[in-house]
Amino acid sequence: MNMENAPMHPQAELQDLSPRLANLRGKTDGQQVPDGYFDQLEALVFQKIEDQGYAPAGVSSQGDRPTRSGFRILRNPRLGIAAAAMLSLAIAAIWFFRMQPTDPAIPENYRELAAALSPEDAATYIAGNIHEFETAALENYAAAESSAAETAAEPPAKRTQPTEELPPAQLELILQDLSEEELEIIL
Amino acid sequence: MQQQASNTATDEQILSMLRDERTFERGFRLLMQQYKQRLYWQIRRMVQTHEDADDVLQNTFIKIYRGILRFEGKSKLHTWLYRIAANETISFLQSKNRHAGASLDEIAAATAGRLQADPWFDGDETQRRLQQAVGLLPEKQRAVFVLRYYDEMPYEEMSAVLNTSVGALKASFHHAVKKIETFFRENE
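Because the structure is a prediction, the values reported are computed rather than measured. (Residues numbered from 1 in each chain as written. Chains lettered and ligands numbered in written order. Predicted model: local features only at pLDDT ≥ 70, side-chain atom pairs only at ≥ 80, totals over all residues.)

What to know about the overall build of chain A
When helices and strands are counted, chain A shows ten helices and zero strands. In chain A, the succession of α and β elements from N to C terminus is α-α-α-α-α-α-α-α-α-α. (Helix = DSSP H or I, 4+ residues; strand = E, 2+ residues; numbered from the N terminus.)

As structure tokens, this is what we get:
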């Protein structure tokens, strides 16, 4: 038995702990890979990168990539739904801030800010902290706001916002599924 | 139009290509060629089935693609890559287990079922049992076990990959081995 580097060598360490596992290690573990898998992998990864419009963070010189990312929203129905939802939530949240500053659904830290913020600042602030808000509460306010707007405006001929057809739970799932980058694009 | 580069590029050469926009894509392809198998097997041994390993590996490479320009060279490139793969795999396992809420017996049975259904596993009964036992380990302990048992990774390097002290890693590995040993004894 070689004891020279026994304390550090994984095999010797394992032999001490469990001879059974030490003996098992050299044998085939039965895990296989489909033929050609590794040859196709690069193409699959690049396809995904292309489809999702991903770009390496920190590259300022790759001019076309951010633009492509920006247009992605127009091609992707899921992002379109989420964008409409986020816009609706942001508008609702501004209204929410201004009209209901004492409502317990507003996170306490933000109540003081609410009074001081302009609608633009509020929108920016909400965009950066949207996860702090209860989606369901914001949606209720979004609905309340849009029905108030409708009664004040012309007859509600067509309402095509996809969010209105989505149950809150489904909308929440879509929002949770989006990455931070996607949310940034939307907002 | 792809895979023109040789497989013998050093990390330094790869990084140098990645820093130049004109050679970025070629550098990234080289990086994938160089590391795809090592990362695949690290992931596969943690998630156990090929299908899951494929998902996690692709996501890992996408994370690497998006983050590679933030790599500052404070650690070795392969350490950084292993770290991303380990984090991605642990997150995957955690999200999978979050929905499960199953007992240890149920988890072992589920692992056995998944291996049976996986056309890319043809291990014998002992290997199947080992996979079942590994499947019972908590996510991070599973990572420690896989990196040490299969990859023989030194604890110092593992410490950088998993952001955990060497002492804690040793304890975790010893504990994992004992659990697996117990599982074997109880299922003989």
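Quick notes on the overall build of chain B
Looking only at helices and strands, chain B has nine helices and zero strands in total. Expressed as a percentage of its 188 residues, the buried residues of chain B come to 37%. Sequence separation of at least 24 residues holds for 61% of the intrachain contacts in chain B that already meet a minimum separation of 6. (Buried ≥ 20, exposed ≤ 12 C-beta atoms within 10 Å, placed from the backbone. Contact = placed C-beta atoms within 7 Å.)

Quick look at the packing of helix H6 (residues 125-136) of chain B against helix H9 (residues 166-186) of chain B
All names here are of chain B. Orientation of H6 relative to H9, taken along the N-to-C sense of each, is 130°, at an axis distance of 9 Å. Judged by the inter-axis angle, H6 sits oblique to H9. Between H6 and H9 lies a crossing whose hand is right-handed. Within the contact between the two elements, H6 uses Arg 129, Leu 130, Ala 133, Val 134 and Leu 136 and H9 uses Ile 180, Phe 183 and Phe 184. (Axes fitted to C-alpha atoms, helices over the stretch in contact; angles between N-to-C directions. Parallel < 35°, antiparallel > 145°, perpendicular 65-115°, else oblique. Left-handed = near helix turned anticlockwise from the far one by under 90°.)

A closer look at H9(B)
For H9(B), which comprises 21 residues, the first-to-last C-alpha distance of 30 Å matches the rise-based estimate of 30 Å (1.5 Å per residue) to within 8%. Of the positions making up H9(B), those classed as buried are B:Leu169, B:Ser172, B:Phe173, B:Ala176, B:Val177, B:Ile180 and B:Phe183. The arc that holds every buried residue of H9(B), seen down its axis, measures 135°, which confines them to one face. Of the residues in H9(B), the exposed ones pointing more than 90 degrees away from the buried face are B:Gly167, B:Lys178, B:Thr182, B:Arg185 and B:Glu186. Buried positions along H9(B) lie against helix H1 (10-17) and helix H2 (19-25) of chain A together with H6, helix H7 (139-149) and helix H8 (155-162) of chain B. (Expected span 1.5 Å × (residues − 1). Arc of directions from axis to C-beta.)

A look at the interface of chain A and chain B
Taken residue by residue, the interface counts 28 residues in chain A and 33 residues in chain B. Counting only elements with at least two residues in the side of chain A that touches chain B, the list comes to H1, H2 and helix H3 (37-52) of chain A. The leading source of residues in the side of chain A that touches chain B is H3(A), at seven residues. Residues that form the side of chain A that touches chain B fall into these classes: 16 nonpolar, seven polar and five charged. (Nonpolar A, V, L, I, M, F, W, Y, C, P; charged D, E, K, R; others polar.)

A word on the nonpolar core
Ranked by internal contacts, the top residues of the largest apolar core, which has 51 residues, are B:Ile43, B:Leu81, B:Val144, B:Phe145 and B:Met158. In terms of residues, this core owes the most to one element, helix H2 (residues 24-47) of chain B, which gives ten residues. (Core = buried A, V, L, I, M, F, W, Y, C linked by C-beta atoms within 7 Å.)

Quick notes on the environment of B:Leu137
Residue and element names in this part refer to chain B. Mapped onto the elements, Leu 137 comes out in the loop between H6 and H7. In this structure Leu 137 comes out as buried when scored by C-beta crowding, with 21 C-beta atoms within 10 Å. For the pair Leu 137 and His 175, spaced 38 residues apart in sequence, the C-alpha to C-alpha distance is 9.8 Å. For Leu 137, the contacting residues outside a window of four places in its chain are Arg 142, Phe 145, Ala 176 and Lys 179.

Considering the confidence of the model for chain A
All names here are of chain A. Averaged over every residue, the pLDDT of chain A is 61; residues scoring 70 or more account for 26%. At the level of individual helices and strands, chain A shows its lowest average pLDDT in helix H4 (residues 64-75), which scores 40, and its highest in H3, which scores 94. Considering only residues more than four positions removed or in separate chains, one finds that residues 148-165, a stretch of pLDDT under 50, has twelve contacts. Ignoring residues within four places in sequence, the model shows residues 183-187, a span with pLDDT below 50, making eleven contacts including any to other chains. (pLDDT = per-residue confidence, 0-100.)

Notes on the packing of H7(B) against H9(B)
Residues and elements named next belong to chain B. Packing of H7 against H9 leaves a shortest axis separation of 9 Å and a crossing angle of 90°. Between H7 and H9, the crossing angle belongs to the class labelled roughly perpendicular. Residue-level contacts link Gln 141, Val 144, Phe 145 and Arg 148 of H7 to Leu 169, Ser 172, Phe 173, His 175 and Ala 176 of H9. When grouped by side-chain class, the residues that make up the contact of H7 with H9 number five nonpolar, three polar and one charged.

Topic: the environment of B:Lys36
With respect to the helices and strands, B:Lys36 occurs in helix H2. When the C-alpha positions of B:Lys36 and B:Leu57 are compared, they lie 8.1 Å apart, and in sequence the two are 21 residues distant. When sequence neighbours within four positions are dropped, the list of residues in contact with B:Lys36 reads A:Phe38 and A:Leu41.

Some words on unusual backbone geometry
Leave glycine aside and you will find that most residues have negative phi; peptide bonds, for their part, are mostly trans. Residues and elements named next belong to chain B. Backbone geometry at Glu 152 places phi at a positive 50°, although glycine is not the residue there. Mapped onto the elements of the fold, Glu 152 is located in the loop between H7 and H8. Residue class for Glu 152 comes out partly exposed when judged on the 13 C-beta atoms lying within 10 Å of it. Residues other than glycine seldom take positive phi values, yet Asn 163 does so here, at roughly 55°. For Asn 163, a count of 10 C-beta atoms within 10 Å puts it in the exposed group.

Topic: H3(A)
The end-to-end C-alpha distance of H3(A) is 22 Å, a good match for the 22 Å that 16 residues give at a rise of 1.5 Å each. A:Gly53, located one to two residues past H3(A), shows a positive phi value of around 70°.

A few points about the environment of B:Gln127
Here B:Gln127 lies in helix H6. In this structure B:Gln127 comes out as partly exposed when scored by C-beta crowding, with 18 C-beta atoms within 10 Å. When neighbours within four sequence positions are excluded, B:Gln127 is seen to be in contact with A:Asp29 and A:Gly30.

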